[in-house]
Amino acid sequence: MISKSAFIWFICICAIVIFLFPIPTFAVQNEQINLTWELLQERVKSPILREGNLTVDLRKMVIDLRPENAIFRDNFYQLLRKELQKTGAKALGLDLSNSVIEGDFSGSDLGLRTPLYAQGIAQIFTPMEQEQLESLRSVCLQSLAVAFPNAKDCKSLLSNQSNNSSNIAVFRGALIMVESRFNGEVKFPNTFFLQSVNAQGANFLKPTNWDESRFGRTVSFSGAIFHAPSSFQGSIFFEKSNFQNSKFLDSANFQGDVFCNDAKFTQGKFQQLAKFNSSSWQGKANFSSVIFNNQVQFNKANFYQFLLMKDAVFKQVLIFRESEFNQSVDLQGASILNQADFSDVKFAETAFLNVPGLVFNSNQAKILGNVGEIGKKMIVPTLRGNQTILRNLSQNFRLQQQVSDANQLEYTKQRLRLIELSNQLVAVNINTASVNRLINLGFSATQVTEIIQIRKIKHFRNISELLVLPDVDLEIYNQLSDKIIAIEPLVLSGWLVKSLSWLLLSLLLLLSGYGTNFWLVFGVGGVVISCFGVLFWLVDRYRRLSPVPIIPRYYETICILFSFTCLISGSLLAIFRNSGSPWLTLLCLFIIIFPIPGMLVWRLYQQGRYHDLMDISYLTEDGTLRQLRLLIGRLPVIPRNPSFRERYMPLLWDRRWNWLNYYDFSLNNLVRLGFNDIRLRDEHLPGIISTLAWYQWSLGLLYIILAGWTLSRTIPGLNLLIYLK
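The rules behind these values
- Residues numbered from 1 in each chain as written.
- Predicted model: local features only at pLDDT ≥ 70, side-chain atom pairs only at ≥ 80, totals over all residues.
- Heavy atoms only, no water.
- Axes fitted to C-alpha atoms, helices over the stretch in contact; angles between N-to-C directions.
- Helix = DSSP H or I, 4+ residues; strand = E, 2+ residues; numbered from the N terminus.
- Parallel < 35°, antiparallel > 145°, perpendicular 65-115°, else oblique.
- Contact = heavy atoms within 4.5 Å.
- Nonpolar A, V, L, I, M, F, W, Y, C, P; charged D, E, K, R; others polar.
- Core = buried A, V, L, I, M, F, W, Y, C linked by side-chain atoms within 4.5 Å.
- Buried < 20%, exposed > 50% of the residue type's maximum accessible area, 1.4 Å probe, protein only.
- Pairing = 2+ DSSP bridges.
- Patch = residues over 30% accessible without salt bridge, like charges linked within 9 Å, V, L, I, M, F, W, Y side chains within 5 Å.
- Areas by Shrake-Rupley, 256 points an atom, 1.4 Å probe, with all protein chains shown as cover.
- Salt bridge = Lys/Arg side-chain N within 4 Å of Asp/Glu carboxyl O.
- Phe/Tyr/Trp six-rings, centres within 6.5 Å; stacked < 30°, edge-to-face > 60°.
- Lys NZ or Arg CZ within 6 Å of the ring centre and 35° of its normal.

Peer 1: Give a detailed account of the packing of helix H13 (residues 492–512) against helix H14 (residues 518–541), specifying residues and quantitative values.
Peer 2: When two helices pack together, you describe them by how their axes are tilted relative to each other and by the distance separating the axes. Where H13 meets H14, the axes come as close as 7 Å, and the angle between the chain directions of the two elements is 90°. Here H14 runs roughly perpendicular to H13, going by the angle between their axes. Judged by residue contacts, Leu509, Leu510, Leu511 and Ser512 of H13 engage Leu520, Val521 and Val524 from H14. In terms of residue class, the contact of H13 with H14 is made up of six nonpolar, one polar and no charged.

Encoded structure:
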């Protein structure tokens, strides 16, 4: 019994030692002590080195600055102001980390009040500090390009008169507020921070005022929580600013701010209205994974670098009216649940809206933008995984009757589909490629063996499945990902179907922008009409040189060449202004227009012409009626009935305006429209000339279908009738 009792006493003593004695030590380490006047004087006299700067150590303090403690408050500001404003090689900073500040904290009262004009600056500050203030003048000068700055310090620096100067509070040392808690208002208006500001994890329970402040070094509010309205209006951030994971539980005002370097707001949260109007972002602006629960405004903002909004959530209105983008906006994976307004936005030539993975429902939300512009700026890298996005965006613009933007998205979709078809036809299919072809592509023998073994069991569905193989690393995958595909094996008939689909889609994209651009179709038609008009004039008027020359007159030749130059120039202008690949469009037209007619004309002049009625035109016109007609059922050759020979009379070569009839004939063949019914005669007609006419007439059938389809997609009323529910 004695040993058992001793053992129990031993256990009790150990429990007391382990669980009771550490508690006072732990509490002492984390307990916040009240800042008294004596303790403040002691800390001011013995600054510590913190983050490379000499600072007054007021960490883990409870600082009472409430009105009922007015005597201590006044002494607090007076003593700190005296020490922090001392001139010297090393400025003294202030460390309030893990402290609780009761009452309002007027931080600007701790700064050195100085007038902002050249003579005043030179007398007070060190050369390095003068350089920082001079950088403020440079930013003010840059802002003149947009509008005259409203800030008082900018007005003073841009003026040479001392009577126009304004005072600014200069905080010369570092300001550290890591995980501090401010129970009252925080006031730093019109303050220039020459050193860094670190407020990571700080809690601001009342409104904060940083209006027209200037941050000369890095700024960090990472993890800070703003429970009340916060205002940084008109502030300038010269170095990187970090608001990562910050929470603004009330309104946030960043209007007119200038970010001279990168700004980071990633994983933050804006509970109420966020204003970034008239802000200037000279570095990258990163809002990735930010949640905006209320409206966010970027009106008249200027972005010089990339604006990153990956996976951001916009639950209310997102506004970019009259903003300027010099680089792309990344909305990959972002969620627009209400409305995004890009009205009157200016995009640089290299700036786009990158929208892959965008979460957007056209029935619940909408995107606004300038008609004919916003659709051209939306891009996705691949069709895979983005078809629903493009369809929703297209429907969004159709609901707003922005047909051109909806068509542009359709063009983007089909262009990506063409790239996908091209890869399926040209790229190496790892499910069917031979061993030698895989080795020649860049795979090692071991890697090829693994691929062969896997595909015997099951086919690869995606090339990313190669990364599962032990011997395939990321480097070889990145090198070959553009050259290989993973699809089901294609039989010959399937390959032919895909080839025909590729050819048809290529023609539609090159000649009409997939039915989205009527002016492109108009330019294509102009080229065909003008080329065939000159061709028919050539074979009809230039017949032989001997024994009796049958050639056109000099005046007629000048007229036809001049008119051809004008028509072809206008048509080429329409093509180059509206085609995504104008040179490929011209190559396509060249293949359609020149090879077959060229060989026929060469054969015609090679064999010569020896038939009756050599001095009479091959073309005849309806002599009973002259008017603008739509000749839907017209054929290029007159019927054999003799009565038609009396009705259709040959063209008059001796008329000065006769050259216009050849364009009329070409117009009749292509679009079934003309000022007169002009056809080829039915007797003593070389078969080659008849073949040329029938060839253009056949092209006209296809052209009418193309033009009609394009009109149905580009005329707003008809477009709505076809596409809208």
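Having seen the model, we can carry on.
Peer 1: Lay out the nonpolar core in plain terms, naming residues and giving numbers.
Peer 2: Among the nonpolar cores identified, the biggest contains 91 residues, and Leu58, Phe76, Phe105, Phe265, Trp281, Phe287 and Phe298 are the most heavily contacted of them. Breaking this core down by element, the ones donating at least two residues are helix H3 (37–45), strand E4 (61–64), helix H4 (70–84), strand E40 (339–342), helix H8 (387–399) and helix H9 (403–426). When residues of this core are assigned to their parent elements, the largest contribution, six residues, is made by H4. When neighbours within four sequence positions are excluded, phenylalanine 298 is seen to be in contact with Phe276, Asn277, Trp281, Phe287, Phe303, Met309, Leu318, Ile319, Phe320, Arg321 and Ser323. Residues Val524, Ile550, Leu699 and Ala707 belong to the second largest nonpolar core, which totals 56 residues.

Peer 1: Please set out the sheet that holds strand E48 (residues 619–622) residue by residue, giving values where relevant.
Peer 2: The strands making up a sheet associate through hydrogen bonds between their backbones, and the pairing can be parallel or antiparallel. The strand order across the open sheet built from three strands is E50-E48-E52, with neighbouring strands paired in antiparallel fashion. The open sheet terminates on both sides in strands that have one partner only, identified here as strand E50 (648–650) and strand E52 (678–680). Strand-to-strand twist in this sheet, taken as the mean axis angle between neighbours without regard to direction, amounts to 40°. Each of E48 and E52 touches helix H19 (residues 660–671); the most contacted strand, E52, lies at about 85° to it.

Peer 1: Explain a nonpolar patch on the surface residue by residue, including any values.
Peer 2: On the surface, a cluster of nonpolar side chains totalling about 420 Å² of accessible area is made up of Leu538, Tyr542, Leu545, Ile551 and Tyr605. Note that leucine 545 resides in the loop between H14 and helix H15 (554–578). Accessibility expressed as a relative area gives 53% for leucine 545, which makes it exposed.

Peer 1: Give me the lowdown on the packing of aromatic side chains, citing residues and values where you can.
Peer 2: Working definition: an aromatic ring pair is given by the centre-to-centre distance plus the angle between the planes. Within this structure, the stated rule accounts for 66 aromatic pairs. Seen in terms of ring centroids, phenylalanine 259 and phenylalanine 265 are 6.4 Å apart; in terms of plane orientation they differ by 75°. Their pairing is edge-to-face. Phenylalanine 265 matches phenylalanine 259 in its accessibility class, with the two residues each being buried. Directly above the ring of tyrosine 605 sits arginine 609, whose terminal nitrogen or CZ lies 5.3 Å from the centroid.

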